[in-house]
Amino acid sequence: MKASLLSILIISGVSCKNNQKDYEKEDNQLITLNEYRFKDLNKNGELDLYEDSRLTIEERVKDLIDKLNDEEKASLLIGIGMPGFDWETMQFMAGADLGKVPGAAGGTHKIKRLGIPSVIVADGPAGLRINPERDNDTITYYATAFPVGTALASTWNEKLINNVGKAIGNEVKEYGVDVLLGPGMNIHRNPLCGRNFEYYSEDPMLSGKIAAAIINGIQSNGVGTSVKHFVANNQERNRMGINAHVSERAMREIYLRGFEITVKNAQPWTIMSSYNFVNGTYTSSSKDLLTTILRDEWGFKGLVMTDWFGGYNNSGFNPNILKNEVSDVTKQLTAGNDLLMPGLTKQKESIIKNIKNGNLTNEAIDTNLKRILELVLKSPAMNNYKYSNKPNLKEHAEVTRQVAAEATILLKNDNNTLPFNSKSSSLAVFGNTTYNFIAGGTGSGDVNEAYTVSLIEGLTNAGFSIDKELESKYLPYVKEQNIKEMARREKEGGLLAVPKRIPELELDKSTIQNKANSSEIALITIGRNAGESGDREITNDFNLAKDEINLINNVSEAFHAKGKKVVVILNIGGVIETASWKDKVDAILLPWQPGQEGGNSVADVITGKVNPSGKLTMTFPVNYEDAAATKNWIGAPAENPTSVTYEEGIYVGYRYFNTFNVKPSYEFGYGLSYTSFDYSNLTLSSKTFTDKISISVTITNTGKTAGKEVAELYLSAPEKSIDKPREELKAFGKTNLLQPGESQTITLTLNTKDLASFIPNKNAWIVDAGTYKVLVGTSSLNIKQKAQFSIENELIVEKTNPTLALDLQFTDLKH
Ligand code: BGC
């Protein structure tokens, strides 16, 4: 009551005292809230309570729910379907009404009689995905393709990512959309997950911080986000039917932790539950996940929606299943999954039936409705926002160019091969992907951008000339192969068809030899694409294909014989094998899938206009099999797995490699620069910890080029109550652009939860007593400064509820 009074005081815009008697001043009349409530505004043709924006959203929602009938309630609890989609043909119908924003993924129902509009939701996460063209319309509706999630996280720069969020949010709002379906923040459990490119990292803290930064940016526009896919959607194979068996500790420390950080730091308007089961329960039906953990423990305030057809065991989106079956709506709604997307008629019928037979109580659905209506009332649609359909795409192209350059990771740079700026000869550029750069992955995460700058275009823009003979061989080949590949994909499922690699153009050795004579340097691009509904393979994907190895071998031999250098550019969305070939080349640049300005961004790094400062957000193993999580990858039976056991427990990514001393090809947190940095003065605010500790470190640019560095703080905790990883990332900070000789002191703070481990048999996050080692470095294996602090007595940070009981007995890996 207090909060609502206060907000009325603010909204009414007149000077009022904080006193119930004179909170509102209208026609110079002071009335009480109760008088106001019972004043029948409607009789005078005025506002209903829910329409009165001077009231709090809570009060308006309450009034609105009282006015809804069962049919309207059921409509609001399911989405509007996919506008224009025909379930018979599984195609969008030609000429069909695609709704307010064609290409959006769905929305909520409008209630015309009450003036409640439909709220529009559209994918994400690398930018807004809507149709770029509309029937009978000459205007275009392109959106900016930003770098994929993995690339964004590789910047380790929350401020920059917040700016990307602001730009994306502006496009969402200006194209008439209310909620972006992103960011995606599942953990990179295994390098082969087909959607890893959409996700940030194998580390939950880094994922949580980056997600919070982008959400705060997007939502600063007054539009919403949907953080997805909650949770443990770590594979695409049978994603709608796979039962992930995960211990409560691994869930809380690894798979849930990033979401927790995000919820607490950014309050996303919505969260999307995932398709899979966790320990025998669909996440969209899990009260443990959606109510106990998400709301009661973390304080999430928004709504939860299902993923599209979540709750149907139907990986191929079989129309017969969708037409004839119905998800367990009662279980989903009462678990805290408020909105069923995209919404099917059968679900609505089932909701009405269950309201009538008492399985769905009014109390339960009113809670769901309250969350839905709260979102509707604060949406641009409700406020009748006059969107322009003209976001500033030019300005956003600059944003994406800048962030993609900062996301680029320099994996290798022998003898300062890069930067390279000589324009005295034309560049010999090899690899199909150089000529057809990949901006981002496929599936719902794909963006319809107006253009993609290829690497040859970017290099040309930077003033290089490209070898014409190579260009004349590659361009027609790539074009022809690309047309074939697009036609194949169109036939095999369109947006959801898994992309296939185009084999490298075969070049005879004499052609390569000639280029080694005429060009000063060789660039080779290796490309990879993947996307929703399929995972990657080990052969010819994680491992390079024979034609790619041949290309690297032949080019390296020819150029090295002439004393010339070879640079490999990895235009990829996920981890690949590098150990077997990295010694053959002089430099390796990893720009990931860098968005629509990719070619320009990479050229900026090659020329040295931008000094690379990206760092790996995951481990690059020597062999695919090296990580513990690969032992139980995909589950069983292999062809159509129904069950997967996360036996590696918390030992995901570097937590496994570092603790079990498995040497990676490139470790978590790794990334070089054109300059060098010195770390000094590691200082702790105290030698003993009570509830917080500040750690500062000074970073000095000791090289000759301006650059940025990421200070990565790892913590090695005593292992009294449970086994723990050797070290874990607990904080990070990025410097400004430091000029040669310039220093900056970075201060990082750790709180009690950062020190704690989850102890399952105590249902608590506990900090062990003992000595904690603070390790600050430039990667997880390159620690520059160390210090320690101690804790006298064990601290119980947080008691949790018993949740997520196993439906299959197994024990987590321990060291
Ligand atoms: C994807 C989601 C996406 C939704 C709507 C699903 O297939 O898993 O990430 O937001 O479709 O397009």
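Everything numeric here is computed off the predicted structure, so don't read it as measured data.

Caption draft 1: View of the site of the ligand. Every one of the 14 residues lining the ligand counts as a neighbour, but D123, R195, H229, D307 and E532 are closest to it. For the ligand, an oxygen atom lies 2.7 Å from a polar atom in the side chain of H229. In the model, an oxygen atom of the ligand is placed 3.3 Å from a nitrogen or oxygen of the R239 side chain. Within the complex, the protein chains bury 94% of what would otherwise be the 310 Å² of accessible surface of the ligand. Looking at the shell around the ligand residue by residue, the classes come out as 5 nonpolar, 2 polar and 7 charged.

Caption draft 2: Quick look at the pairing of strand β23 (residues 728-734). The buried fraction of β23 is high, at 7 of 7 residues. Judged from the 6 bridges that link them, strand β22 (residues 710-716) and β23 form a sheet pairing that is antiparallel. Within β23, the position partnered with L713 by the bridge is A731.

Caption draft 3: Here's a closer look at the UniProt feature "domain: Fibronectin type III-like" (unreviewed entry) in the protein chain. Taking the UniProt record as the reference, the feature "domain: Fibronectin type III-like" (unreviewed entry) is found at residues 709-780. Annotated as residues 709-780, this span is 6% helix and 56% strand, and its ends, taken at the C-alpha atoms, are 14 Å apart.

Caption draft 4: Spatial organisation of the packing of helix α3 (residues 57-67) against helix α14 (residues 362-378). In contact at an axis separation of 9 Å, α3 and α14 are set at 120° when each is read in the N-to-C sense. Taken together, the axes of α3 and α14 lie oblique to each other. Every pair of crossing elements has a handedness; the one defined by α3 and α14 is right-handed. Contacts between α3 and α14 pair I57, E58, R60, V61, L64 and I65 from the former with D366, L369, K370, L373, E374, L377 and K378 from the latter. Of the residues belonging to the contact of α3 with α14, the class tally is 7 nonpolar, no polar and 6 charged.

Caption draft 5: The arrangement of the side chain of K564 in detail. Among the secondary structure elements, K564 is positioned in the loop between α21 (546-561) and β17 (565-571). Notably, K564 is buried but unbridged: the nearest opposite-charge side chain belongs to E520, and the N-O separation is 7.9 Å. At a separation of 3.1 Å, a polar atom in the side chain of K564 contacts the main-chain carbonyl oxygen of N517. Side-chain polar atoms of K564 contact the backbone oxygen of S519, separated by 3.0 Å.

Caption draft 6: Representation of the layout of surface pockets in the model. Quantified by volume, the second largest pocket comes out at close to 440 Å³. Considering the residues around the second largest pocket, the lining is formed by 24 residues, among which M205, R257, I261, N751 and D754 are closest to the centre. Mapped by element, the contributors of at least two residues to the lining of the second largest pocket are α7 (204-219), α9 (257-266), β23, β24 (743-751), α24 (752-755) and β29 (795-799). At 5 residues, the largest contribution of residues to the lining of the second largest pocket is made by α9. Its residues assigned to classes, the lining of the second largest pocket shows 9 nonpolar, 3 polar and 12 charged.

Cut-offs applied
Residues numbered from 1 in each chain as written. Predicted model: local features only at pLDDT ≥ 70, side-chain atom pairs only at ≥ 80, totals over all residues. Heavy atoms only, no water. Near = heavy atom within 4 Å. Polar contact = N/O pair within 3.5 Å; in protein donor to acceptor, adjacent residues only side chain to side chain. Areas by Shrake-Rupley, 256 points an atom, 1.4 Å probe, with all protein chains shown as cover. Nonpolar A, V, L, I, M, F, W, Y, C, P; charged D, E, K, R; others polar. Buried < 20%, exposed > 50% of the residue type's maximum accessible area, 1.4 Å probe, protein only. Helix = DSSP H or I, 4+ residues; strand = E, 2+ residues; numbered from the N terminus. Pairing = 2+ DSSP bridges. UniProt positions renumbered as here; feature names shortened; annotations may be inferred. Axes fitted to C-alpha atoms, helices over the stretch in contact; angles between N-to-C directions. Parallel < 35°, antiparallel > 145°, perpendicular 65-115°, else oblique. Left-handed = near helix turned anticlockwise from the far one by under 90°. Contact = heavy atoms within 4.5 Å. Lys, Arg positive; Asp, Glu negative; His and termini not counted. Salt bridge = Lys/Arg side-chain N within 4 Å of Asp/Glu carboxyl O. 1 Å grid on protein atoms, 1.4 Å probe; cavity = no way out; pocket = protein on both sides within 12 Å on 5 of 7 lines; lining within 4 Å. Points joined across faces, edges and corners; volume = space filled by probe spheres on them.

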